[in-house]
Amino acid sequence: MSKNMLDGGQVIVDYLVREKVPYVFGLCGHGNIGFLDALYERANDIKTISVHHESVAGFMADVYYRVCGKPTATFTSCGPGSANLPIALANSFLDSVPFLAVTGNVPTGQFNRGAFQELYRHYQADFPSTVRAYCKRVFQPTRGDMVPLAIRQAWKTMVTGRPGPVVLDVPFDIFKEAAAEETPKPEEWNANISCRCGADPEGVTKAVDMLLAAKRPVILVGQGVKYGGAAADLVRLAERLRIPVAWSASGTGAIDTRHPLALGLIARNGPYQANHAARTADLLLALGVRFDDRTSSSWLPGYSFTIPPTKLIHVDIDPDEIARNYPVELGLMADVRTFLQQVLAELEARDGIGDAAAARAKWLDTIDGYRREWNAFIAPGFVEDASPIHPQRAAHEIDKALPEDAILVSDIGVHHNWLIQFCTPRRPDSLIGSMGFGPMGFGVAGVLGAQFAAPERPCVSVCGDGAFFMHASVLGTAVEYDLPVIWVVWNNFAYASIRGLQRGYLGGRELATDFRHPDTGTPYNPDFAAMARSAGIEGVNVDRAADLSDALRTALASRRPYLINANIGADKNPGGAGVWELPGLGQSQPAFGGRYQPQ
Ligand SMILES: Cc1ncc(C[n+]2csc(CCOP(=O)(O)OP(=O)(O)O)c2C)c(N)n1
Ligand SMILES: [Mg+2]
């Protein structure tokens, strides 16, 4: 190799440095020591964070982006090391979160010989087939000089259009093979690309006409608004036309939940005012939202939406999502922030649009009536004082203790349903969850990524006992990197969300959904607080509702890693005005109100 040549590993690392990637998260193996060697050389420019399970690295990269909007990278070895990653890739893929996964593979000279850890029975070095359905694209350079092209194209694919994770699969020898004298420059290839495309101008005019003519309009926002940086323009439009704003679970926090026009969550367990306003609306403006089954009461009309007769305007960066599940009166492919700015400019340019506030007063009053009915329905849960702790009270106590700048990363399970219903986030990144793939462990591990992204902000994970036990290795990572994260383990001694389905749909034929001691049959779990202490982390147990917010405040004040093991009841599911169907087994019933049938 000539003196000025960079090898493949050096080109990748140099490119990451040029893209100002501050961290790579991952786990070693023989397949990626060449890459680690390149990271070693640049330790002052990019920090290498070593974890104890590869999916933890992926979840960290994911939540890092959700908090600060910057993609990072992961490193994993060949074979099993990278086979631990797809769960995190899929999670990011379905929630449109970019990160670059640098995966090791066997040496090119050993392709198709069945070398240690090679997947070769269908095709040589076949990790790309393993992850094809799990990420936006796979690149596999097989010569050193292919690396510069692969890295710049991989980065572009990851961040343009609808963002998503991309895999750069690098055979062992390529990390150390001569690649180029220079690394591609982001400012020549990727830094100056904008995908903030606006909507067709005629479509904008039509959208404004429809918004002005509507009597009962609702705006529905998804995470496209949060991660697209459109929250401020959303509020501007909502206030300008006095239109109430509902959100999908992924859109939670896109508008401050205490804003007078904040309507609430649309979901099976969404409040009455949100579901009822949306299903009786004459116009729905949907922004950066997918209409999955959990946002739409399994598409059963009259619970969350009634489209038609409700007219739908659906705006998304990805036209694949438009008219996937509902017919559209107007579908516009656009970046939601640009679209909102176009609409605001169009409103500005029109004379005599009248007093939007007055036109909307009746609709907003009607919604206030729905809200009062709902608030009376849920009021008792806030003062429940049982032990184990009532889950609504638990969610409320946690919410109460969190300062406005806290980042709450939820895991997957019934606790997530309670949190999205009863927390009151004020910022787009106040409450983070996974709604597409929903892998257990997302919140347990993701909170570490949040803390790297926002070192000064309080970062808390609320996670199930099942998920925490699955990924308890995070305790060590918090200690090793001095991360003052807090885990509130929502301990209900069960995979409670799934046991709830057995109870609700299968006549209570429970199997494999709770944790019991073999001798006594009583609920069993390890002592999570003691487990934390064994790792060098403060760990406490809480059994009473009144103690939960105090425990959390103490943990927050400590600025040290902390675990609160909270004993929380499992027998209740959060009810709402929507439903969820498990085809073949039936559908749930709304806890409040019924099905709306348009006249
Ligand atoms: C990796 C993974 N395995 C299985 C599931 C299916 N699943 C969804 S929620 C759940 C139960 C989670 O239990 P726990 O973490 O205790 O949360 P809880 O529902 O009790 O709040 C399971 C098994 C999943 N989403 N992800
Ligand atoms: Mg549980």
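Values in this document were obtained by computation on a predicted structure and should not be read as measured data.

Trainee: What exactly am I supposed to notice about the overall build of the protein chain here?
Mentor: Helices and strands together make up the secondary structure of the protein chain, namely 22 helices and 22 strands. In the protein chain, which comprises 599 residues, the proportion classed as buried is 57%. For the protein chain, restricting intrachain contacts to residue pairs at least 6 apart in sequence, the fraction spanning at least 24 positions comes to 76%. When the accessible area of the protein chain is evaluated, it comes to approximately 23600 Å², of which 51% is carbon and sulfur surface. Charge-centre separation for the protein chain: the mean point of 55 positive side chains lies 3 Å from the mean point of 63 negative side chains.

Trainee: Could you clarify how one ought to interpret the nonpolar core in this entry?
Mentor: One broad rule of soluble globular proteins: the nonpolar side chains tend to lie buried together. Of all hydrophobic cores here, the largest spans 100 residues; its most connected members are I219, L234, L287, F339, L552 and I564. In terms of residues, this core owes the most to one element, helix α14 (residues 356-382), which gives seven residues. The contact partners of L234, leaving out residues within four places of it in the chain, are I219, V221, V225, V245, A254, I255, L287 and L340. Counting residues in each nonpolar core, the second largest holds 51 residues, with M60, F127, F442 and A472 among its members.

Trainee: Hey, could you run me through the packing of helix α11 (residues 231-241) against helix α13 (residues 336-349) in this one?
Mentor: Helix-helix packing is described using two parameters, namely the angle between the two axes and the distance between the axes. Between α11 and α13, whose axes approach to 9 Å, the crossing angle comes to 35°. Every pair of crossing elements has a handedness; the one defined by α11 and α13 is left-handed. Within the contact between the two elements, α11 uses D233, L234, R236, L237, R240 and L241 and α13 uses R337, L340, Q341, V343, L344 and L347. Considering only residue class, the contact of α11 with α13 consists of seven nonpolar, one polar and four charged.

Trainee: Would you take a moment to explain the coordination of the magnesium ion (ligand 2) for this structure?
Mentor: When a metal carries six donors in an octahedron, the ideal angles between them are 90 or 180 degrees, while four donors in a tetrahedron ideally lie at 109.5 degrees. Taken together, D465 (OD), N492 (OD1) and A494 (O) make up the protein donors of the magnesium ion (ligand 2), found 2.1 Å from the metal. In the primary structure, the donors to the magnesium ion (ligand 2) are separated according to the pattern D-x26-N-x1-A. The class for N492 is buried, based on a relative accessible area of 8%. Residue classification places A494 among the buried positions, given a relative accessible area of 4%.

Trainee: Teacher, can you tell me more about the site of ligand 1 here?
Mentor: Taken together, the neighbourhood of ligand 1 is formed by 18 residues, with H415, G438, D465, G466 and S497 sitting nearest. Between D465 and ligand 1, the recorded distance is 2.7 Å, taken from a side-chain N or O atom to an oxygen atom. Residue A467 places a main-chain N or O atom 2.9 Å away from an oxygen atom belonging to ligand 1. Contact with the protein chains covers 78% of the free accessible surface of ligand 1, which is 580 Å². At the level of secondary structure, the elements contributing two or more residues to the shell around ligand 1 comprise α16 (414-422), α18 (465-470) and α20 (496-505). Broken down by class, the residue content of the shell around ligand 1 amounts to ten nonpolar, seven polar and one charged.

Trainee: Before we go on, may I ask you to explain the state of the cysteines in this structure?
Mentor: Such a bond, covalent and formed between the sulfur atoms of two cysteines, is termed a disulfide. Summed over all chains, the structure comprises zero disulfides. Sulfur of C68: no disulfide; nearest cysteine sulfur belongs to C459 and is 11 Å away. A relative accessible area of 30% means that C68 is categorised as partly exposed. Exposure remark for C459: the relative accessible area of 1% places this residue in the buried category.

Trainee: What is the right way to look at the sheet that holds strand β20 (residues 562-567) in this model?
Mentor: What holds strands together in a sheet is hydrogen bonding between their backbones, with the strands either parallel or antiparallel. On the basis of which strands lie adjacent, the open sheet formed by six strands has the order β16-β15-β17-β18-β20-β19 and parallel pairing. Unpaired on one side and paired on the other, β16 (431-432) and β19 (538-542) mark the two borders of the sheet. In the sheet, strand β15 (residues 407-410) pairs with strand β17 (residues 459-464) via four bridges, with the strands oriented parallel. By the bridge assignment for β17, I407 is matched with C459.

Trainee: How should I be thinking about a nonpolar patch on the surface in this particular structure?
Mentor: A surface patch of nonpolar side chains, amounting to about 230 Å² of accessible area, comprises I87, L94 and F437. Position of F437 relative to the elements: it lies in the loop between β16 and α17 (442-453). When its relative accessible area of 37% is taken as the criterion, F437 is described as partly exposed.

Trainee: I would appreciate a short explanation of helix α9 (residues 201-213) in the present structure.
Mentor: Three or four residues apart is the spacing at which side chains of an α-helix point the same way, because the helix has 3.6 residues per turn. Between the first and last C-alpha of α9 there are 19 Å, a value that for 13 residues agrees with the 18 Å anticipated at 1.5 Å per step. At its buried positions, α9 is contacted by α11, β12 (283-287), β13 (311-316), β14 (330-333), α13 and α14.

Trainee: How should the environment of T76 be read in this particular structure?
Mentor: Counting through the fold element by element, T76 comes out in strand β4 (residues 73-76). Separated by 22 residues in the primary sequence, T76 and E54 place their C-alpha atoms 6.8 Å from one another. Reaching out from T76, the side chain makes a polar contact with the side chain of S82 at a distance of 2.7 Å.

Trainee: Mind showing me how you'd approach α16 here?
Mentor: A large share of α16 lies buried, amounting to nine of its nine residues. Among the residues making up α16, those that are buried are V414, H415, H416, N417, W418, L419, I420, Q421 and F422.

Trainee: Looking at this structure, I do not really get the pairing of β17. What am I missing?
Mentor: In the case of a regular strand, side chains alternate between the two sheet surfaces. Here β17 lies mainly inside the structure; six of its six residues are buried. Bridge count between β17 and strand β18 (residues 486-491): five bridges; the pairing is parallel. By the bridge assignment, V460 is partnered in β18 with I486.

Trainee: Explanation requested: the sheet that holds strand β11 (residues 262-265) in the structure shown.
Mentor: Judged by pairing direction, the sheet is parallel, and its six strands sit side by side in the order β11-β10-β9-β12-β13-β14 without closing on themselves. The open sheet has two edge strands, β11 and β14, and neither has a second partner. For this sheet, the mean inter-axis angle between neighbouring strands, taken without regard to orientation, is 20°. The sheet contact formed by β12 and β13 spans five bridges and is parallel.

What counts, and where the lines are drawn
- Along each chain, residue indices are assigned from 1 in the same order as the chain's sequence is written.
- As a convention, the first chain written is A and the first ligand written is 1, with the rest following in written order.
- Confidence filtering applies because this is a predicted model: local features only for residues at pLDDT of at least 70, side-chain atom pairs given and counted only at 80 or more, and all residues used for totals across whole chains, interfaces and linings.
- As a convention, hydrogens and water are excluded, and side-chain values are obtained from all of the structure's heavy atoms.
- Note on conventions: DSSP H or I runs of at least 4 residues are helices, E runs of at least 2 residues are strands, and numbering of each starts at the N terminus.
- Any residue under 20% of the maximum accessible area for its type is buried, any over 50% is exposed, and the rest in between are partly exposed; the area is computed with a 1.4 Å probe on protein chains only.
- Contacts are assigned to residue pairs that have any heavy atoms within 4.5 Å of one another.
- Areas reported here follow the Shrake-Rupley algorithm with a probe of radius 1.4 Å; residue values treat only the protein chains shown as occluding.
- The positive count covers Lys and Arg only, the negative count covers Asp and Glu only, and His and the chain ends enter neither.
- The atom standing in for a charge is NZ when the residue is Lys, CZ when it is Arg, CG when it is Asp and CD when it is Glu.
- Only buried residues count toward a nonpolar core, which is a set of Ala, Val, Leu, Ile, Met, Phe, Trp, Tyr and Cys residues joined through side-chain atoms within 4.5 Å.
- Simply put, an axis is a line fit to the C-alpha atoms, just over the touching stretch for a helix, and the angle between two N-to-C directions goes from 0 to 180 degrees.
- For any pair of crossing helices, the crossing counts as left-handed if the nearer helix is rotated counterclockwise from the farther one by less than a right angle, and right-handed if it is rotated clockwise.
- For this classification, the nonpolar set comprises Ala, Val, Leu, Ile, Met, Phe, Trp, Tyr, Cys and Pro, the charged set comprises Asp, Glu, Lys and Arg, and every other residue, Gly included, is treated as polar.
- Each metal site is built from N, O and S donor atoms within 2.8 Å (3.2 Å for Na, K and Ca), and since water is not included, such sites may look incomplete.
- Proximity criterion: a residue is near a molecule or strand once any of its heavy atoms comes within 4 Å of it.
- Any pair of N or O atoms that falls within 3.5 Å is considered a polar contact. Within protein, one atom must be able to donate a hydrogen and the other to accept it, and sequence-neighbouring residues count only if both atoms are side-chain atoms.
- In this description, the term disulfide denotes a pair of cysteine sulfurs within 2.5 Å.
- For two strands to be treated as a pair, DSSP must find at least two bridges joining them.
- Patch rule: a residue counts if its relative accessible area is over 30% and it has no salt bridge; like charges are joined within 9 Å, and nonpolar side chains (Val, Leu, Ile, Met, Phe, Trp, Tyr) within 5 Å.
- Whenever a carboxyl oxygen of Asp or Glu lies within 4 Å of a side-chain nitrogen of Lys or Arg, that contact is scored as a salt bridge.
- A helix's residues, less one, multiplied by 1.5 Å, set its expected span.

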